[in-house]
Amino acid sequence: MRSYGHPHDHHPAVLPRTTRRPAHRPLEPHGRAGLVIAGLRTALAEEHLTQPHWWTLNHVAGAPGTWTRPALTAKLAPYDDQHTDFDTVYDDLASRGWLTETTDGLTLTDAGEAGRLRAHDRNAEVHATMRKGIDDAEYAATIDVLRRIVANLGGNGDLP
């Protein structure tokens, strides 16, 4: 058998079946799709934010005073792959002075909106890099198809 670099490495076509990735197993987060996620998470980390922080900021900005902790957690938790304690996220944003809470719901402060806009700009840079050579129609079609694939497989095709 021909060697491929290391004496114990063999061409993938001749690897024993147990060492191949099963067709039904999704790519790991650090795989190809993980490049996008890692780029976005890195951009958010520059503001000391996680994806759940980002989702929270955007949802609260989109409907100030209408999201309660339990309702927002129920909306966002299905998309979380980090086992996030959302109360910790809300508390962190509140301790920064970015989020206030009343009996009616959560609202961003001016500082919270400024932080959200900075994070948005960082994410926009990642998206611009990711979308080089891809026009808006192609990108929208791709996202639409991916949402339908997720829904066809029993998942929620909506995005957080």
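Anything mentioned here points back to the structure above.
About the criteria used
- All residue numbers refer to position in the chain's written sequence, counted from 1.
- Whole-chain, interface and lining totals are the exception, using all residues; otherwise, since this is a predicted model, local features are given only for residues with pLDDT of at least 70 and side-chain atom pairs are given and counted only at 80 or more.
- Water and hydrogen atoms play no part in the side-chain values, which are based on all heavy atoms of the structure.
- Helical segments are the DSSP runs of H or I of at least four residues, strand segments are the runs of E of at least two, and each set is numbered from the N terminus.
- Only protein chains enter the accessibility calculation, which uses a 1.4 Å probe; a residue whose area is less than 20% of its type maximum is buried, one above 50% is exposed, and one in between is partly exposed.
- In this analysis, two residues are considered to be in contact whenever any of their non-hydrogen atoms come within 4.5 Å of each other.
- Only the protein chains shown count as cover for residues, and the accessible areas themselves come from Shrake-Rupley with a 1.4 Å probe.
- The directions considered for the arc run from the helix axis to the C-beta atoms.
- What qualifies as a polar contact is a pair of N or O atoms within 3.5 Å, subject to a donor-acceptor requirement within protein and to the restriction that residues adjacent in sequence count only when both atoms come from side chains.
- What counts as a ring pair is set by centres within 6.5 Å for rings of Phe, Tyr and Trp (its six-membered ring), and what kind of pair is set by the plane angle: stacked under 30 degrees, edge-to-face over 60, tilted for all other angles.
- For a lysine, the NZ atom is tested; for an arginine, the CZ atom; a charge sits over a ring if that atom is within 6 Å of the ring centre and within 35 degrees of the ring normal.
- One side-chain nitrogen of Lys or Arg within 4 Å of one carboxyl oxygen of Asp or Glu is enough to make a salt bridge.
- Each patch groups residues whose relative accessible area exceeds 30% and which form no salt bridge, using 9 Å between like charges and 5 Å between nonpolar side chains of Val, Leu, Ile, Met, Phe, Trp and Tyr.
- Lines fitted to C-alpha atoms define the axes, with helix axes restricted to the stretch in contact, and inter-axis angles between N-to-C directions lie between 0 and 180 degrees.
- Roughly parallel covers angles under 35 degrees, roughly antiparallel covers those over 145, roughly perpendicular covers 65 to 115, and oblique covers all other angles.
- By convention the crossing between two helices is left-handed if the near helix lies anticlockwise of the far one by an angle smaller than a right angle, and right-handed if it lies clockwise.
- Each residue is assigned to one of three groups, with Ala, Val, Leu, Ile, Met, Phe, Trp, Tyr, Cys and Pro labelled nonpolar, Asp, Glu, Lys and Arg labelled charged, and all others, Gly among them, labelled polar.
- Take the buried Ala, Val, Leu, Ile, Met, Phe, Trp, Tyr and Cys residues and link them wherever side-chain atoms come within 4.5 Å; each set so joined is a nonpolar core.

### Let's talk about the overall build of the chain
At step 1: Tallying secondary structure elements over the chain gives 6 helices and 2 strands in all.
At step 2: Ordered by position in the sequence, the α and β elements of the chain form the string α-α-α-α-β-β-α-α.
At step 3: Counting the 160 residues in the chain, one finds 23% classified as buried.
At step 4: Of all intrachain contacts in the chain linking residues separated by at least 6 positions in sequence, the fraction that spans at least 24 positions is 55%.
At step 5: When the accessible surface of the chain is split by element, carbon and sulfur atoms take 58% of a total near 10,600 Å².

### Observations concerning helix H4 (residues 86-95)
At step 1: Considered for burial, the residues of H4 that qualify are Phe86, Val89, Tyr90 and Leu93. The arc that holds the buried residues of H4, viewed along the axis, is 95°, so those residues lie on one side.
At step 2: The secondary structure elements touched by the buried residues of H4 are helix H2 (51-62), helix H3 (69-76) and strand E1 (99-101).
At step 3: In this structure Asp85 caps H4, since a side-chain oxygen of it lies 3.1 Å from the backbone nitrogen of Asp87.

### Overview of the packing of aromatic side chains
Each aromatic ring pair is specified by the distance between its two centres and by the angle formed by the two planes.
At step 1: Enumeration over the complete set of coordinates arrives at 1 aromatic pair.
At step 2: Geometrically, the ring pair formed by Phe86 and Tyr90 is tilted, given 6.4 Å between the ring centres and 40° between the ring planes. Of this pair, Phe86 and Tyr90 both sit in helix H4, 4 residues apart, which is roughly one turn of the helix. One exposure class covers both Phe86 and Tyr90, and it is buried.
At step 3: It is Arg96 that lies over the ring of Trp98; its NZ or CZ is 5.0 Å from the centre.
At step 4: Taking NZ or CZ as reference, Arg131 lies 4.1 Å from the ring centre of Tyr139, over its face.

### Thoughts on the pattern of salt bridges
At step 1: Counted under the stated rule, the structure contains 11 salt bridges.
At step 2: Taken together, the shared-partner salt bridges in this structure form one network comprising Glu46, Glu47, Arg118 and Arg122.

### Remarks on a nonpolar patch on the surface
At step 1: Together, Val145, Leu146, Ile149 and Leu153 line one region of the surface with nonpolar side chains, adding up to about 380 Å² of accessible area.
At step 2: Take Leu153: it is sitting in the segment after helix H6 (136-152).

### Some words on the packing of H2 against H3
At step 1: With their axes 11 Å apart at the nearest point, H2 and H3 run at an angle of 120° to one another. The pairing of H2 with H3 is recorded here as oblique in orientation. H2 and H3 meet at a crossing whose hand is right-handed. Contacts between H2 and H3 pair Trp55, Thr56, His59 and Val60 from the former with Leu72, Lys75 and Leu76 from the latter.
At step 2: Across the contact of H2 with H3, the residue classes break down as 4 nonpolar, 2 polar and 1 charged.

### A closer look at the nonpolar core
At step 1: One finds Leu49, Leu57, Val60, Leu72, Leu93 and Leu99 to be the most contacted residues of the largest nonpolar core, which totals 18 residues.
At step 2: Those elements giving two or more residues to this core turn out to be H2, H3, H4 and strand E2 (106-108).
At step 3: The residues touching Leu57, leaving out its near neighbours within four places in the chain, are Leu49, Leu93, Trp98, Leu108, Gly112 and Arg116.

Shape descriptors only; they carry no functional weight alone.
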